[in-house]
2 protein chains.
Amino acid sequence: MTYPMARDLPSLNALKAFEVAARLESVSQAADELHVTHGAVSRQIRQLEDELGVALFDKVGRGIQATAAGRQLRDACRDAFSGLREVCADIRQAQQQAPFLLACPGSLLARWFIPRLDRLNAELPELNLHLSASEGELDPRRAGVSATLLFAAPPWPADMQVYPLRQERIGPVFSPRYAGAARLQEQPAKALLNESLLHTQSRAQAWSDWARLQQLDPAQLKQGQGFEHLYYLLEAALSGLGVAIAPQLLVADDLATGRLLAPWGFVETQHQLGLWVPARQPQAAAQQLADWLTTQMQEPSA
Amino acid sequence: MTYPMARDLPSLNALKAFEVAARLESVSQAADELHVTHGAVSRQIRQLEDELGVALFDKVGRGIQATAAGRQLRDACRDAFSGLREVCADIRQAQQQAPFLLACPGSLLARWFIPRLDRLNAELPELNLHLSASEGELDPRRAGVSATLLFAAPPWPADMQVYPLRQERIGPVFSPRYAGAARLQEQPAKALLNESLLHTQSRAQAWSDWARLQQLDPAQLKQGQGFEHLYYLLEAALSGLGVAIAPQLLVADDLATGRLLAPWGFVETQHQLGLWVPARQPQAAAQQLADWLTTQMQEPSA
DNA sequence: CAAACCTGTGAGAAAAAGTGACATATCCCA
DNA sequence: TGGGATATGTCACTTTTTCTCACAGGTTTG
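None of the values given here were measured: they were computed from a predicted structure.

What counts, and at which threshold
Residues numbered from 1 in each chain as written. Chains lettered and ligands numbered in written order. Predicted model: local features only at pLDDT ≥ 70, side-chain atom pairs only at ≥ 80, totals over all residues. Heavy atoms only, no water. Least-squares fit on C-alpha atoms with pLDDT ≥ 70 in both. Contact = heavy atoms within 4.5 Å. Near = heavy atom within 4 Å. Polar contact = N/O pair within 3.5 Å; in protein donor to acceptor, adjacent residues only side chain to side chain. Helix = DSSP H or I, 4+ residues; strand = E, 2+ residues; numbered from the N terminus. Nonpolar A, V, L, I, M, F, W, Y, C, P; charged D, E, K, R; others polar. Salt bridge = Lys/Arg side-chain N within 4 Å of Asp/Glu carboxyl O. Pairing = 2+ DSSP bridges. Axes fitted to C-alpha atoms, helices over the stretch in contact; angles between N-to-C directions. Buried < 20%, exposed > 50% of the residue type's maximum accessible area, 1.4 Å probe, protein only. Core = buried A, V, L, I, M, F, W, Y, C linked by side-chain atoms within 4.5 Å. Domains from an automatic or database assignment. Buried area = accessible area lost by both parts, 1.4 Å probe. Parallel < 35°, antiparallel > 145°, perpendicular 65-115°, else oblique. Left-handed = near helix turned anticlockwise from the far one by under 90°.

### Quick word on the relation of the copies chain A and chain B
Two copies of a chain can be linked by a rotation about an axis combined with a shift along that same axis.
Link 1 in the chain: Relative to chain B, chain A is turned by 179 degrees and slid 0.0 Å along the rotation axis, the superposed coordinates differing by an RMSD of 0.5 Å. Interpreted geometrically, this transformation is the action of a two-fold axis. Among all C-alpha atoms of chain A, that of alanine 80 of chain A lies closest to the rotation axis, at 2.1 Å.
Link 2 in the chain: Interface residue correspondence from chain A to chain B reaches 100%, placing this contact among same-surface, isologous pairings.

Set out below in structure tokens:
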């Protein structure tokens, strides 16, 4: 067995055990502080003495006392470790206080998140949540973004940790103020083939998907007014401009208050709403948020 | 799995791996410096990032770059480790330069050690050997004594590491100048029963031991002049004062040069010459010395 | 003088770290 | 543009280290 050269550090764990023992002048008390047995500490100190080739403690009575070399090393350890402890505490604290930046589609922010924001901040105050609504395509790898809420279909990319929250469900909705509202409510889904259907550029295939899931022929759908984003589409539906196709999650509140109607219900798509977190970054806060979101979305009003 | 509280240190081994990687800005080069695979370093850094809850490196191109937190921690590690390295080097150097104090009986010092001292210092210069001859009883536990040469019989005490060097062999010796020298040389050992036998207070039973090993009756021995120490006994024998009983090792040189005669040879006793070292202190230097002594004592002239 | 403490040590168990192989991403140059 | 060289990340498995438990001295205390 060979020992490290003079310019190398001895075992740092041994130094840690030694520092505590030297500070408390007791192997047993050091063992308590380190939550190990006294035998473990004794061994570490012995190993350190072997590496340095010098006795660090004398046995005095039934206790121990640092030798000259031991005192020298103890002081050096105290300085080194306290410096590290301080910086590590700083880093941890800064990290804990750093805001958790959650990116999500603007429509989700407005229609689902904002009404629940007070509760979230009250229940997860240490998260220090910041929200970033995006109009265009969401990039979950964008620098500074802690996590992103996305509707997407599996499989997930390998460099992302995705917490699935809820299967997307879509369905046609319209306002009671819509001209054809009273008539449509009484008819089967097929009646929509005669309506001008509001749609978005970003999810142009939404109506087709829905039609297929309803056993209707997508080709027979009449595309009406288009909007750039889902947010405007929903505003248009709320204003009674026509029938929109929308994720259930985003209209749940409006359905509950009667501002929108969805007589044919909703159907599940291939997409899932998920919380996307870059795999390489700490997951603790994201997990916490995902748990909270899951709970919230399981409630009937969601 | 739980991580340490904020006031605790993260894994010091992880910090060590991190410091090297941060300094070299490369996981692979750090692995080389630490003589491990890059996977090991990668794992350590990952562990540290988990413990601190913060990313320490960004992937930049095909390399890595420390984040703000990483730079902060790198500097702290550099300071802490360089302080420890320095103090440890100091301690090791001081220890290496400290003299190795060897205690041994005066007779052994004068009759065996001193003639070989030049060679010892030449072959083991870094040992920085100091010798302490003792007239009285040798205490191998005396403070400041690195090791002690002792003739003694097993078993050895548990708190001593004993390196056995050579079985003790004793036998009668006398000078050619001794009055009865010519006559005695031709006769069997039994003839000594008629001689006045020189002896020491410190090993009063030496002649009796020898007689028993020779199948002679100890009671028939005539004790002559006594000396306090073996050293004087040997001087007396050299001067032709009579027949002495002596360890072979101490008279080997005198026999080789013809200044003493040992016509009946030597017999092994229960004692062994051993190098006694307090078990709790570093053994490297003592092992080196023991090896050298063993080699020297195996040579014919020993 | 026994009881309470403390440290040291061994064998075996538990935990940590390392390895080797593979996957993936980037850079560079033909 | 694509293939080779270079880097990092990850996983199952192995090796090494560390810890524990139990016991063996030795010292202090009531």
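### Structural notes on the protein's contact with DNA strand C
Link 1 in the chain: For DNA strand C, the set of nearby residues contains 22 residues, the closest of which are Val27, Ser28, His38 and Arg46 of chain A together with Thr37 of chain B.
Link 2 in the chain: Among the atoms of DNA strand C close to the protein, meaning within 4 Å, 65% are from sugar or phosphate groups.
Link 3 in the chain: A distance of 3.0 Å separates a phosphate oxygen of DNA strand C from a polar atom in the side chain of serine 42 of chain A.
Link 4 in the chain: Within the side chain of glutamine 47 of chain B, a nitrogen or oxygen atom sits 3.3 Å from a phosphate oxygen of DNA strand C.
Link 5 in the chain: Mapped by element, the contributors of at least two residues to the surface near DNA strand C are helix H2 (27-34) and helix H3 (38-52) of chain A together with helix H3 (38-52) of chain B.
Link 6 in the chain: Considered class by class, the residues forming the surface near DNA strand C number 4 nonpolar, 12 polar and 6 charged.

### Remarks on the pattern of salt bridges
Link 1 in the chain: Following the criterion strictly, the structure yields 23 salt bridges over all chains and no others.
Link 2 in the chain: A salt bridge links glutamate 19 of chain B to arginine 23 of chain B; its shortest N-O distance comes to 3.1 Å. Of this pair, glutamate 19 of chain B and arginine 23 of chain B both sit in helix H1 (residues 12-24), 4 residues apart, which is roughly one turn of the helix.
Link 3 in the chain: Each of Arg111, Glu235, Asp254 and Arg259 of chain A takes part in a single network of salt bridges with overlapping partners.

### Concerning the protein's contact with DNA strand D
Link 1 in the chain: Looking at DNA strand D, there are 21 residues lining it, with Thr37 of chain A together with Val27, Ser28, His38 and Arg46 of chain B nearest.
Link 2 in the chain: Backbone sugar and phosphate groups make up 60% of those atoms of DNA strand D lying within 4 Å of the protein.
Link 3 in the chain: Valine 27 of chain B places a main-chain nitrogen or oxygen 2.8 Å from a phosphate oxygen of DNA strand D.
Link 4 in the chain: Within the side chain of serine 42 of chain B, a nitrogen or oxygen atom sits 3.2 Å from a phosphate oxygen of DNA strand D.
Link 5 in the chain: Among the elements of the structure, H3 of chain A together with helix H2 (27-34) and H3 of chain B are those that each provide at least two residues to the surface near DNA strand D.
Link 6 in the chain: Considered class by class, the residues forming the surface near DNA strand D number 4 nonpolar, 11 polar and 6 charged.

### What to know about the sheet that holds strand S9 (residues 243-247) of chain B
All names here are of chain B.
Link 1 in the chain: One open sheet holds the 8 strands; their spatial order is S4-S3-S5-S10-S6-S9-S7-S8, and the pairing between them is mixed. Every interior strand has two partners, whereas the edge strands, strand S4 (129-134) and strand S8 (222-227), have only one. Direction aside, the axes of adjacent strands within the sheet are offset by 30 degrees on average.
Link 2 in the chain: Bridge analysis of strand S6 (residues 160-173) against S9 gives 4 bridges, and the strand direction is antiparallel. When the sheet's bridge partners are listed, proline 172 is paired in S9 with isoleucine 245.
Link 3 in the chain: Across the sheet, helix H5 (residues 106-123) touches strand S3 (100-105), S4, strand S5 (147-152) and strand S10 (267-278), and the angle it forms with S4 is around 170 degrees.

### Regarding the environment of proline 282 of chain A
Link 1 in the chain: Mapped onto the elements of the fold, proline 282 of chain A is located in the loop between strand S10 (267-278) and helix H10 (284-298).
Link 2 in the chain: Along the primary structure proline 282 of chain A and serine 146 of chain A are separated by 136 residues, whereas in three dimensions their C-alpha atoms are 9.2 Å apart.
Link 3 in the chain: Leaving out residues up to four positions away in the same chain, proline 282 of chain A has contacts with Gly53 and Val54 of chain B.

### As for the side chain of serine 132 of chain B
Residue and element names in this part refer to chain B.
Link 1 in the chain: The residue serine 132 is located in strand S4 in this model.
Link 2 in the chain: Among the residues examined, serine 132 registers a relative accessible area of 17% and is labelled buried.
Link 3 in the chain: Aside from chain neighbours lying at most four places away, what touches serine 132 is Leu101, Leu102, Ala103, Cys104 and Arg142.

### Concerning unusual backbone geometry
Backbone phi values are negative for most residues with the exception of glycine, while trans is the configuration of most peptide bonds.
Link 1 in the chain: The phi torsion at asparagine 128 of chain A lies on the positive side, around 55 degrees, for a residue other than glycine.
Link 2 in the chain: By the secondary structure assignment, asparagine 128 of chain A is in the loop between helix H5 (106-123) and strand S4 (129-134).
Link 3 in the chain: The exposure class assigned to asparagine 128 of chain A is partly exposed, which follows from its relative accessible area of 32%.
Link 4 in the chain: Unusually for a residue other than glycine, histidine 35 of chain B sits at a positive phi of about 60 degrees.
Link 5 in the chain: In this structure, histidine 35 of chain B sits in the loop between H2 and H3.
Link 6 in the chain: On the accessibility criterion, histidine 35 of chain B (72% relative accessible area) is exposed.

### Remarks on the nonpolar core
Link 1 in the chain: Counting 61 residues, the largest nonpolar core has Leu73 of chain A together with Leu73 of chain B as the members making the most contacts within it.
Link 2 in the chain: Among all residues touching leucine 73 of chain B, those that are not within four sequence positions of it are Val87, Cys88 and Ile91 of chain A together with Leu15, Phe18, Leu48, Leu52 and Leu56 of chain B.

### Focus: the domain arrangement of chain A
Link 1 in the chain: Each assigned domain of chain A is listed with its residue range as follows: domain 1 (12-96), domain 2 (100-165 + 271-298) and domain 3 (169-270).
Link 2 in the chain: On a C-alpha basis, the centroid separation for the pair domain 1 of chain A and domain 2 of chain A is 44 Å.

### Overview of the interface of chain A and chain B
Link 1 in the chain: With 38 residues of chain A in contact, the opposing surface of chain B contributes 38 residues.
Link 2 in the chain: The junction of chain A with chain B conceals about 3600 Å² of combined surface from both sides, 64% of it contributed by carbon and sulfur atoms.
Link 3 in the chain: Linking chain A with chain B are 0 salt bridges, by the criterion used here.
Link 4 in the chain: Scanning the region where chain A abuts chain B turns up 6 residue pairs in polar contact (both at pLDDT 80 or more).
Link 5 in the chain: If you list the elements that add at least two residues to the side of chain A that touches chain B, you get helix H1 (12-24), H3, strand S1 (57-60) and helix H4 (68-97) of chain A.
Link 6 in the chain: At 16 residues, H4 of chain A tops the list of elements feeding residues into the side of chain A that touches chain B.
Link 7 in the chain: For the side of chain A that touches chain B, the residue count by class is 23 nonpolar, 4 polar and 11 charged.

### Overview of the packing of H5 of chain A against helix H9 (residues 248-257) of chain A
All names here are of chain A.
Link 1 in the chain: Running from N to C, H5 and H9 point in directions that differ by 55 degrees, and their axes come no closer than 9 Å. Judged on the interaxial angle alone, H9 and H5 are oblique. For the pair H5 and H9, the sense of crossing is left-handed. On H9, the residues that touch Ser107, Leu108, Arg111, Trp112, Pro115 and Arg116 of H5 are Leu249, Leu250, Asp253 and Asp254.

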